[in-house]
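Coordinates in review
Below are the chains, spelled out letter by letter.
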Amino acid sequence: MPWNLDENRPIYLQLMEKIRHDIVSGIYCPGERLPSVRELALDAAVNPNTMQKALSELERSNIVYSQRTSGRFITEDEHMLKQLKNELAAEHIQEFFEKMKQLGFPQEETLALVKEHIKEGQ
């Protein structure tokens, strides 16, 4: 999956967001070893130092952890991962409602459209 980085925002923040997304969506499982800094940097087409900064920040937030000679691993704290997933979902929902408001839809009408869309999808 392409990394689609935006030049107008700090790259390391976007890398963090992508890795967090990959974790909560199940691309990386709890306890799984992450690819090396160089592998991730090559995949994302970024400087390894930038990727290192992103991973260090993820470590600071306890989403990943290091084992000296073995690399970095995804936390096994299921509660933390569920909370992270809910936080990301809330951010997406907030963005969606803001965009719908910009289009002129009140919340009630937006909810009705969502319900209609779900019904059509079943």
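Let me sum up the structure you'll find in this document. On a predicted model such as this, the values are computed, not experimentally measured, just so you know.

**Quick look at a negative patch on the surface**
A surface patch of like charges, here negative, comprises E87, E91, E95 and E98. Here E98 is to be found in helix α4 (residues 78–102). The class for E98 is partly exposed, based on a relative accessible area of 42%.

**Here's the deal with α4**
Between its first and last C-alpha atoms α4 spans 36 Å; for 25 residues at 1.5 Å apiece the expected length is 36 Å, and the two agree. Residues of α4 that are buried include every one of L81, L84, L88 and M100, and no others. If you follow the buried residues of α4, they end up packed against α1 (11–24) and α5 (107–121). N-cap assignment for α4: the residue whose side-chain oxygen lies 3.1 Å from the backbone N of H79 is D77. G104 sits one or two positions beyond α4 and adopts a positive phi of about 95°.

Calculation notes
Residues numbered from 1 in each chain as written. Predicted model: local features only at pLDDT ≥ 70, side-chain atom pairs only at ≥ 80, totals over all residues. Heavy atoms only, no water. Patch = residues over 30% accessible without salt bridge, like charges linked within 9 Å, V, L, I, M, F, W, Y side chains within 5 Å. Areas by Shrake-Rupley, 256 points an atom, 1.4 Å probe, with all protein chains shown as cover. Salt bridge = Lys/Arg side-chain N within 4 Å of Asp/Glu carboxyl O. Lys, Arg positive; Asp, Glu negative; His and termini not counted. Charge placed at Lys NZ, Arg CZ, Asp CG, Glu CD. Helix = DSSP H or I, 4+ residues; strand = E, 2+ residues; numbered from the N terminus. Buried < 20%, exposed > 50% of the residue type's maximum accessible area, 1.4 Å probe, protein only. Expected span 1.5 Å × (residues − 1). Contact = heavy atoms within 4.5 Å. Polar contact = N/O pair within 3.5 Å; in protein donor to acceptor, adjacent residues only side chain to side chain.

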